[in-house]
Protein chains: 4
Amino acid sequence: MLKVGIVGGTGYTGVELLRLLAQHPDVELTAITSRTEAGMPVAKMFPNLRGHVDLAFSEPSIDVLGACDVVFFATPHGVAMKQTPELIARGVRVIDLGADFRIADPAVFEKWYGLPHSCTDILAESVYGLPEVNREAIKKARVIANPGCYPTAVQLGFLPLLKAGLVDASHLVADAKSGVSGAGRKAEVHTLFSEAAESFRAYGVSGHRHLPEISQGLARMSPEKIGLTFVPHLLPMIRGIHATLYATLKADAGDLQKLYEETFAGEPFVDVMPAGSLPETRSVKGANTCRIAVYRPQGADTVVVLSVIDNLVKGAAGQAVQNMNIMFGLPETAGLTQIALLP
Amino acid sequence: MLKVGIVGGTGYTGVELLRLLAQHPDVELTAITSRTEAGMPVAKMFPNLRGHVDLAFSEPSIDVLGACDVVFFATPHGVAMKQTPELIARGVRVIDLGADFRIADPAVFEKWYGLPHSCTDILAESVYGLPEVNREAIKKARVIANPGCYPTAVQLGFLPLLKAGLVDASHLVADAKSGVSGAGRKAEVHTLFSEAAESFRAYGVSGHRHLPEISQGLARMSPEKIGLTFVPHLLPMIRGIHATLYATLKADAGDLQKLYEETFAGEPFVDVMPAGSLPETRSVKGANTCRIAVYRPQGADTVVVLSVIDNLVKGAAGQAVQNMNIMFGLPETAGLTQIALLP
Amino acid sequence: MLKVGIVGGTGYTGVELLRLLAQHPDVELTAITSRTEAGMPVAKMFPNLRGHVDLAFSEPSIDVLGACDVVFFATPHGVAMKQTPELIARGVRVIDLGADFRIADPAVFEKWYGLPHSCTDILAESVYGLPEVNREAIKKARVIANPGCYPTAVQLGFLPLLKAGLVDASHLVADAKSGVSGAGRKAEVHTLFSEAAESFRAYGVSGHRHLPEISQGLARMSPEKIGLTFVPHLLPMIRGIHATLYATLKADAGDLQKLYEETFAGEPFVDVMPAGSLPETRSVKGANTCRIAVYRPQGADTVVVLSVIDNLVKGAAGQAVQNMNIMFGLPETAGLTQIALLP
Amino acid sequence: MLKVGIVGGTGYTGVELLRLLAQHPDVELTAITSRTEAGMPVAKMFPNLRGHVDLAFSEPSIDVLGACDVVFFATPHGVAMKQTPELIARGVRVIDLGADFRIADPAVFEKWYGLPHSCTDILAESVYGLPEVNREAIKKARVIANPGCYPTAVQLGFLPLLKAGLVDASHLVADAKSGVSGAGRKAEVHTLFSEAAESFRAYGVSGHRHLPEISQGLARMSPEKIGLTFVPHLLPMIRGIHATLYATLKADAGDLQKLYEETFAGEPFVDVMPAGSLPETRSVKGANTCRIAVYRPQGADTVVVLSVIDNLVKGAAGQAVQNMNIMFGLPETAGLTQIALLP
């Protein structure tokens, strides 16, 4: 049994990690820390966990966390990079669900996140935890940067096109839509029910922190220079991301459906749907699956890709558990076989 | 492995049964029938099942169903009572998620459901499948009437009070609210998104088919004559029932919290929450749990009980699986340990 | 043209007042104050007002407000009672949409609101602004306590029964459900979209501030002692209140439908629906109407009343404008003829 | 007073027309027809109209409709083109909210709508009723093709760019999202609450009937050949369309904000928001307004336009009333000054 610790479990990523880990056959939950909620039983804050998780939030303690096999950080950026050095020094593996290790270039990180990176050496050795791209490196990693939610949906959607060199990489468009849980559990006016329900809007059009992360990932798939327009939108629903991707084919593309099926053949958590399918976000609600469909409308030279995930699962906690499974040689699907809740 | 058949799996109860049974360690899904959809892969209609359920809908066949250990009916009323005699003659156990065996008195059944009962002998031997009340009888039953969704939430809520004889049984009030999935997957105007969202209303105030079922259940808990006012309402959400129950205490009631905790001690799927709790329907979304809280506001003689379930799980498919587990001597919680999805 | 000021217009009650007053034929909006937002154009915070309201929020100023004919307070409790004395000294009429003047007994006010009342003389002369009960007094009032949202729906629903002395006043039940906008525009975790959507729960079961207000109102309708159990619930929608009321008939009640129709005959904003109707909250969304239906299920001695309002209109801003119209001798419906938005 | 008739008023476009026309100062509602609902009071089907509209649905009658000044068709395609010839022969103006007169080329109409056009001469003289483009022609028209909802949002959004010749017209992308009311009030499984809530998906990716309508409109704005990729999506909300538009700038574009402001200067129903704004669909809920923002993210050569409307108002009934006002020389804003409902 793996001893698992969680730092900062009071948000939606935290409760989702707990839901998945509490049902994982090879995991023993050892500690979940929260400075502000120390002493409160986890199941009091998240009543769905009553009868499943007996832990209470505890003060962060290097001794307790240092005795774990793996520690997940479900914290705002800036926390993981402070605590990771001491943990890996003690032989603990780290999976950061925040942004601290996602951007390889410290200058880019500082530009978008507004603080300098404090452990660039660890940053250099950390691995970007998108298993469909980096599985071998993940196996040996000590520190995993778990991808952001939008970046997961967008990168998986563009991957076959860029790897095959079929599209103009300089004019990619990702029109992405996320449920409100992506904004976290912090009390803010713009995510109040009465503000976010029965309405829809874009945000971050001028620039969103996931833009450099996605661009970096796409650049690794293609020798061409990446030009990406990324427009996120806020959906009046709780869970789910739908990325609608547009690219211009450079030449005859051949059978795109086959390309997608072959690219993801054998991937346990990517489902290329039959031609003509329309992936619904609810088809992955609570599940660690990315479902994808590819179109070439009216036979023109614009290819359209539809990619859906649950932002809290394949877009966060589920992918983190998938990374843990890979790192520790467990079956990659261990603890991740839940069927999406529909309706 | 139990061989399991499902008759009529194209509705929400059907897909929920499939979700639970596909993850059940002791079940082999043998057949799922639908006259209208025969030939269609189940996972095409319900894409959340892609990769988990390979079956296609098939024409109903007594030979196929007759070879099962247990057959679930997820059909409108009138279907199960036609097919059950032949199935039990072949030694198949039957669990009807519809209403055919819920009402013991055939005359009452005919009054509320508008058709005569066609197998009153089987009706007489059938068992009302509310495990918290009837566990011993369920073990030996050949035919189970799986309770309705409202009746489950309301009966469990009133049970401690009526068993203890604490309240005036002649003036009970059940103000119940259900998510829209309770109305099923049939195309009807009043359950369209644009009709049911951002609105709330009562229905069936003059009389609802769950009224006689609840009254019959409550009558079995108390020697007094039952007088129940039952008002169901339609909530602008998909899953969940919240029953708010009101009764007048006949005398000093003692410690109601303790009464509830003792009544349900050892019940795996009833969670009496700590005093002062406010059960949320989302705390049981996707789980086979009924959470209950009991209040005596302002110290007056009116007791208020809050009872929540997921109408498709403890109110339908989950309770059906629980009944199956009991009938076949499996652990009662087998296949039913999912944690509710929150948020 | 009436010169109108608003104190504290950054909440939902404030924007709703602006929506109604901007379309009122006899009103000139003079000032809207907010300490925290002074200088910000109102239409920047509430973009629905772009092109309709040119005002910016301003610092509160007694000189500006003192030059108005009427000032609305859309503030938390405690604010209006501080500023009202000076305003009425300058001849300004005051309509408080908060709670400061709703509870006649200062001791009861202090118990439920946690602060002593600072102007009990004005409290004594203030009028509870429920026009269907108090129209004559409103005409002459200098200070109006605009009723709370739940109290409006519940009092109008019980009024005919209590006035006629038909029910046992000591065991009334009000099971009330409100959209999330009733909780205001303050950033709080429990009203976040991801907390309040796809879920339903009760709150304030042990005691809610609207309980003493409702009880006081009901007591004025009946010589009997009032015993009320009031359970509010949070609906996963923005606007609307549905109160489901239960009472036990003392004797033969006669024609309840006729009683309700006669009681509210001539009332411009109470619509007694035909027998058998099921009022939907959406049928009053954005409108100043209370729709009511009355039932006697199964012919038993429990009467059920369904009463719906828009909590922000008849439950707040609309009723406030209605009170203004009455106070200034305008047609009672001036500026209040909007048709509800459906769907 | 204009005498107004409505053919087919049982859908959402119909009730919205009624809401607007009942409050229009210059309109007298004369008849509203429905074969299936003849005899039923309109306010029984749509209770928001109680007290505002006394009409009952009536059988279609050429004599009644022929006595109107203007008749609105809120019918499926194929109906208006049958009845329009007789109406205009009697001097009645016709505004078709359906698709019969939207596509100028009968062959294109037949291809997308599956039936031949039955009155191509009237089609030839009919005017596409997008006032911001066709105001002068609308004034003199006998027959108006009221634009579709998506086409309104998309055409207004692209108009300044195409008129100015700034973008590559051959690779336009319109990623559009609509609330469920756009699918109408017909009972269908995919628009049930339990299907459409808490989920999001694209549809019609291979080809949607609004594609040829939009392409035709864009072609009228630009001498270049139009290549448009149009992907509509279904939002889990009732009202509102958000079109996110992408185009590649051909050369330095100058000040796009200024271009948009100048293009729509004086337009009563197009609101170009300040630079950096994020139009929300709720800011136009119930209002006849299109709000637009324009961006050039990261200073690259992709321009992004955000365009929001209420699909039932500026996207249907409101625009139809606007066309009526123009046709009859009324103030263009008559009856259309409602403020959007927020929250």
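In this text, all values refer to a predicted model and were calculated from it rather than measured experimentally.

### Some points on the domain arrangement of chain A
All names here are of chain A. Domain annotation for chain A reports domain 1 (2-125) and domain 2 (150-311). Look at where the C-alpha atoms of domain 1 and domain 2 centre, and you get two points 27 Å apart. Across the boundary between the two partners, domain 1 contributes 14 residues, which contact 14 residues of domain 2. Of the roughly 1,200 Å² buried between domain 1 and domain 2, counting both surfaces, carbon and sulfur atoms make up 55%. Among the residues of domain 1 in contact with domain 2, Tyr-12, Arg-102 and Trp-112 are the three that bury the most area, contributing 50% of the side total. For the pair domain 1 and domain 2, the interface holds two salt bridges. Glu-16 is the partner of Arg-239 in a salt bridge, and the nearest nitrogen-oxygen pair spans 2.7 Å. Between domain 1 and domain 2 we count six residue pairs in polar contact (both at pLDDT 80 or more) in total. Contributing elements (two or more residues each) for the side of domain 1 that touches domain 2: α1 (12-22) and α5 (106-113).

### Some words on unusual backbone geometry
The omega torsion across A:Leu342 and A:Pro343 is 5°, close enough to zero to call that bond cis. One non-glycine residue, A:Glu198, lies in positive phi territory at about 50°. As for its position among the elements, A:Glu198 is in the loop between α9 (193-196) and β8 (201-202). Under the relative-accessibility criterion, A:Glu198 is labelled buried at 8%. For B:Gln298, which is not a glycine, the phi torsion comes out positive at approximately 55°. Among the residues examined, B:Gln298 registers a relative accessible area of 46% and is labelled partly exposed.

### Describing the packing of helix α8 (residues 149-163) of chain C against helix α12 (residues 313-327) of chain C
Residues and elements named next belong to chain C. Their axes nearest at 8 Å, the elements α8 and α12 cross at an angle of 100°. With respect to α12, the element α8 is oriented roughly perpendicular. Contact residues: Cys-149, Thr-152 and Leu-156 in α8; Lys-314, Gly-315 and Gln-319 in α12.

### Here's the deal with the pairing of strand β12 (residues 290-295) of chain D
All names here are of chain D. Burial within β12 is extensive, with six of its six residues counted as buried. Taking every second residue as pointing to the same face, both faces of β12 are buried, with Cys-290, Ile-292 and Val-294 on one and Arg-291, Ala-293 and Tyr-295 on the other. Two elements, β12 and strand β13 (residues 302-309), share five bridges in a ladder whose sense is antiparallel. Bridging across to β13, Arg-291 finds its partner in Val-308. The loop that links β12 with its antiparallel partner β13 comprises six residues; one of these, Gln-298, has a positive phi angle of about 60°.

Conventions and cut-offs
Residues numbered from 1 in each chain as written. Chains lettered and ligands numbered in written order. Predicted model: local features only at pLDDT ≥ 70, side-chain atom pairs only at ≥ 80, totals over all residues. Heavy atoms only, no water. Domains from an automatic or database assignment. Contact = heavy atoms within 4.5 Å. Buried area = accessible area lost by both parts, 1.4 Å probe. Salt bridge = Lys/Arg side-chain N within 4 Å of Asp/Glu carboxyl O. Polar contact = N/O pair within 3.5 Å; in protein donor to acceptor, adjacent residues only side chain to side chain. Helix = DSSP H or I, 4+ residues; strand = E, 2+ residues; numbered from the N terminus. Buried < 20%, exposed > 50% of the residue type's maximum accessible area, 1.4 Å probe, protein only. Axes fitted to C-alpha atoms, helices over the stretch in contact; angles between N-to-C directions. Parallel < 35°, antiparallel > 145°, perpendicular 65-115°, else oblique. Pairing = 2+ DSSP bridges.

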